[in-house]
Structures are given as structure tokens and as C-alpha cells.
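A structural walkthrough
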Amino acid sequence: ITNGDLVACIYPVTARKYIQVQIKLNRHGAGVKGQEGMDLEKAKEFFDLSASTNGNNQVITGVPKKDNKFLGKMEFYVDSTRWIPVKIYMYGPKGNLISSSSIEYQIVVDQNVAAGLKPAGQDQIWVPVKNVSNVSTPMGKMDVEMVFENTKINQEIDDKVFAIE
């Protein structure tokens, strides 16, 4: 849960809650300078952007405007029919692939619509169910697989759940 400058992680098995002040993380080098609240306008400030087509995907390529000793280029592959990112590639300044991610999705239906408690409309959404990332650094290689299960949308969630105390 992110609420302003506070980030909370709640582990459902133990109900343990950890809270971290995001400003402190940013001051100590966590994250990349300029990526706080990254949006299209900020991306255009830091990257030269271009678009192309590759099969059923639109490929958005970002090349840093200034020399960068860690990043040479980023590519986002966006599924043309669903308009969701399905692959992300990051390349080093010498063109070597340093990170690749692939994302799998499924449709989740609003249970209130399915039960007839709410009118149809925006009653379903594509949600990620699996993200597989491979990262190569001078310190070694890391393979990460994240699986998202039991995802629900538009559920009645008490605002207290999002309060960070």
C-alpha cells in the first residue's frame, strides 16, 4: 500500500505490517533519480521516444537524452488489441540486453456485475497474473517470477485498510 510518502507491506499469513517512509528510501539511493512519479511528460523529458510495429505489438522505444552509464535503451511491447504491455526490454549503453520481462494477463470480472448487484459497463479488466523477469548485471544473473492470484476488482474495501499508521 502506498499512501503519500508512506509505503506499507502487510503479509496476509502473519498479518505483520511494515511501514517505510518513501522519502528516506529515495535519499539513500533506492530507485532511479527522476523516476519518482514517472509519467509520459517526465518520460519525454528524459528519453527520446519512438514507436514501431512488431507483429501484433506496438513497440515504444526510449533512448536516454543524456549519456547514461547504466541504460542505453528501453523497449515496451504493447499488445495492439488489448493495449497492455506484454514485454519490457532494457539494454545497456553498449547494446547488451540487461533486463527482460514478460507479463501474462487474464480477464477479471467485477463480481458485483456478475451477481446482478451493479449494472454492466466497466465490469471486466485485464490484470497481470504472472511476470517473469531476467536481469543480468556485473554481479550476476537474477531470474524472478511473480505470480498474482485471487485478484478481485471493485470490491468493497474499507478505507481503513489503506490507512498507514
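Scroll up to find the structure.
Everything numeric in this text was worked out from a predicted model, so none of it was measured.

Parameters at a glance
- Residues numbered from 1 in each chain as written.
- Predicted model: local features only at pLDDT ≥ 70, side-chain atom pairs only at ≥ 80, totals over all residues.
- Heavy atoms only, no water.
- Helix = DSSP H or I, 4+ residues; strand = E, 2+ residues; numbered from the N terminus.
- Buried < 20%, exposed > 50% of the residue type's maximum accessible area, 1.4 Å probe, protein only.
- Contact = heavy atoms within 4.5 Å.
- Areas by Shrake-Rupley, 256 points an atom, 1.4 Å probe, with all protein chains shown as cover.
- Pairing = 2+ DSSP bridges.
- Axes fitted to C-alpha atoms, helices over the stretch in contact; angles between N-to-C directions.

1. Description of the overall build of the protein
Within the protein, the regular secondary structure consists of 3 helices and 10 strands. Walking the protein from its N terminus toward its C terminus, one meets helices and strands in the order β-β-β-α-α-β-β-β-β-β-α-β-β. A burial count over the protein gives 24% of its 165 residues as buried. The long-range share in the protein, meaning contacts at least 24 apart out of those at least 6 apart in sequence, stands at 26%. Total accessible area on the protein stands at roughly 12300 Å², and carbon and sulfur atoms take up 55% of it.

2. Details of the sheet that holds strand 4 (residues 47-54)
The sheet built from 7 strands is open, its strands ordered 4-5-6-7-8-9-10 with antiparallel pairing. The strands lining the two open edges of the sheet, one partner per strand, are strand 4 and strand 10 (140-147). Ignoring which end each strand starts from, the neighbouring axes of this sheet average 15 degrees apart. Sheet topology places strand 5 (residues 57-64) next to strand 6 (residues 73-79); 6 bridges connect them, and they run antiparallel. Across the sheet, Gln 58 pairs through a bridge with Val 78, a residue of strand 6.

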